[in-house]
Amino acid sequence: MPACPICGSSTAPVGTKHGDYSGRDFDVVRCTECRFAFVADPWTEYDKIYGDDYYAGKGVDPLVDYVHELAAPDRTIRQHEWRGIGRLVGELTTLTPQTTWLDHGCGTGGLVTYVNAQGLAQAEGFEEGWSEPRLRERGVPTVSRADLDARENAYDVITSIEVIEHVPDPVGLLKDLARLLKPGGVLFLTTGNAAPYADGLLDWRYVTPEIHISFFEPPTLARAMTEAGLVPEAGGFRPGWDDIIRFKLLKNLRRQDTSPLEAAMPWGIVTRALDRRMKISAHPIGRKP
């Protein structure tokens with residue numbers, strides 16, 4: 001068994017998960033110490049995984065549809081997520097038009113555009129591959145990998161939304177983000193919470209082994225943040241999570257656009273109930289000392 005990439009301890013097999021898209025089986029293991037679970041033999045043919053079909057919802061993850069989000073930014077349900085993140089980050093730190101904000105893994109740039117349009121901060125995004133030329137075409141402020149490599153202590157806020165589960169070296173990613181944060185800066189990320197599925201990890205829909213290869217319980221993510229030089233702070237259902245979870249639920253229901261019907265739902269009740277079950281908001285927030 002491979003050693004844990006977070007704490008270096010031994011791992012034990014969880015089982016084998018079949019990848020429907022690739023047609024192959026993947027071995028999933030879990031750390032005996034920090035409980036980090038991961039795909040031991042990840043698929044690394046990224047050109048096959050993250051091609052045009054992936055971003056149109058015709059690839060590994062049928063719930064992804066960047067093409068529609070680009071075509072209909074004023075209708076997409078992703079608006080709920082942007083609004084929720086803006087509100088939640090505002091609960092974690094003071095936001096002003098001078099606040100520097102990096103959205104790491106910015107997708108179609110919707111969050112960057114929202115933050116700038118609302119005057120919450122000076123936001124820019126980082127993304128590679130399919131999105132990169134489309135971001136430039138739309139005039140979304142972006143930075144390159146070379147730009148980030150040359151920067152240090154540059155951002156008051158970094159968001160990384162549904163990114164870390166794709167990464168085989170999560171501590172390495174967190175170290176890179178910690179280097180970019182100013183002292184006192186905040187890292188807010190989202191990823192699935194493996195804790196409610198501890199006894200049935202392979203039955204969790206989030207385990208799509210071609211793309212989701214790293215799975216965290218809140219103490220595990222806190223350990224990874226600490227290893228990266230960040231101070232983890234307790235998570236919890238703060239203002240903003242209702243909109244973020246609203247988006248996640250609608251996405252899993254395969255809704256694309258906002259509507260009067262979904263707007264009439266009692267989202268405060270629905271999202272709190274869902275969070276109690278899945279503990280989506282329980283992951284820690286990172287702060288640079």
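Rules used in this analysis
Residues numbered from 1 in each chain as written. Predicted model: local features only at pLDDT ≥ 70, side-chain atom pairs only at ≥ 80, totals over all residues. Heavy atoms only, no water. Axes fitted to C-alpha atoms, helices over the stretch in contact; angles between N-to-C directions. Helix = DSSP H or I, 4+ residues; strand = E, 2+ residues; numbered from the N terminus. Parallel < 35°, antiparallel > 145°, perpendicular 65-115°, else oblique. Contact = heavy atoms within 4.5 Å. Nonpolar A, V, L, I, M, F, W, Y, C, P; charged D, E, K, R; others polar. Pairing = 2+ DSSP bridges. Buried < 20%, exposed > 50% of the residue type's maximum accessible area, 1.4 Å probe, protein only. Salt bridge = Lys/Arg side-chain N within 4 Å of Asp/Glu carboxyl O. Left-handed = near helix turned anticlockwise from the far one by under 90°.

### As for the packing of helix α10 (residues 241-252) against helix α12 (residues 267-278)
Line of reasoning, step 1. The interhelical angle for the contact between α10 and α12, taken along N-to-C directions, is 80 degrees, at an axis separation of 9 Å. By the angle between their axes, α10 is roughly perpendicular relative to α12. Seen from α10, the contacting residues are D242, I245, R246, L249 and L250; seen from α12, they are W267, V270, T271, L274 and D275.
Line of reasoning, step 2. Classifying every residue of the contact of α10 with α12 gives six nonpolar, one polar and three charged.

### Quick look at the sheet that holds strand β4 (residues 100-104)
Line of reasoning, step 1. Strand order in the open sheet formed by six strands is β5-β4-β6-β7-β10-β9, and the pairing between neighbours is mixed. Looking at the sheet topology across the chains shown, the edges are occupied by β5 (122-126) and β9 (231-233). Neighbour-to-neighbour, the strand axes of the sheet open up by a mean angle of 20 degrees, direction not taken into account.
Line of reasoning, step 2. When strand β7 (residues 181-190) meets strand β10 (residues 285-287), the two strands line up antiparallel, connected through two bridges. Along β10, the bridge assignment pairs V186 with R287.
Line of reasoning, step 3. Strands in contact with helix α8 (residues 170-180) are β4, β6 (155-161) and β7; relative to β7, the strand with the most contacts, it is inclined by about 140 degrees.

### Topic: the pairing of β7
Line of reasoning, step 1. Most of β7 is tucked away, with seven of its 10 residues classed as buried.
Line of reasoning, step 2. As paired elements, β6 and β7 share six bridges and run parallel to each other. Bridge pairing in β7 links S160 to L189.

### Re the pattern of salt bridges
Line of reasoning, step 1. Applying the stated criterion across every chain, the model contains 16 salt bridges.
Line of reasoning, step 2. Between E124 and R151 there is a salt bridge, with its nearest N and O atoms 2.8 Å apart. In this pair, E124 sits in strand β5 while R151 sits in the loop between α7 (145-149) and β6, placing the two residues 27 residues apart along the sequence.
Line of reasoning, step 3. Residue R151 is classed as partly exposed on the basis of its relative accessible area, which comes to 28%.

### A few points about the packing of α8 against helix α9 (residues 218-227)
Line of reasoning, step 1. Orientation of α8 relative to α9, taken along the N-to-C sense of each, is 55 degrees, at an axis distance of 8 Å. Viewed along their axes, α8 and α9 adopt a mutual orientation that is oblique. Every pair of crossing elements has a handedness; the one defined by α8 and α9 is right-handed. Contact residues: α8 offers V171, L174 and K175, while α9 offers A224, M225 and E227.
Line of reasoning, step 2. Here the contact of α8 with α9 is built from residues that sort into four nonpolar, no polar and two charged.

Read these as spatial facts, not as claims about activity.
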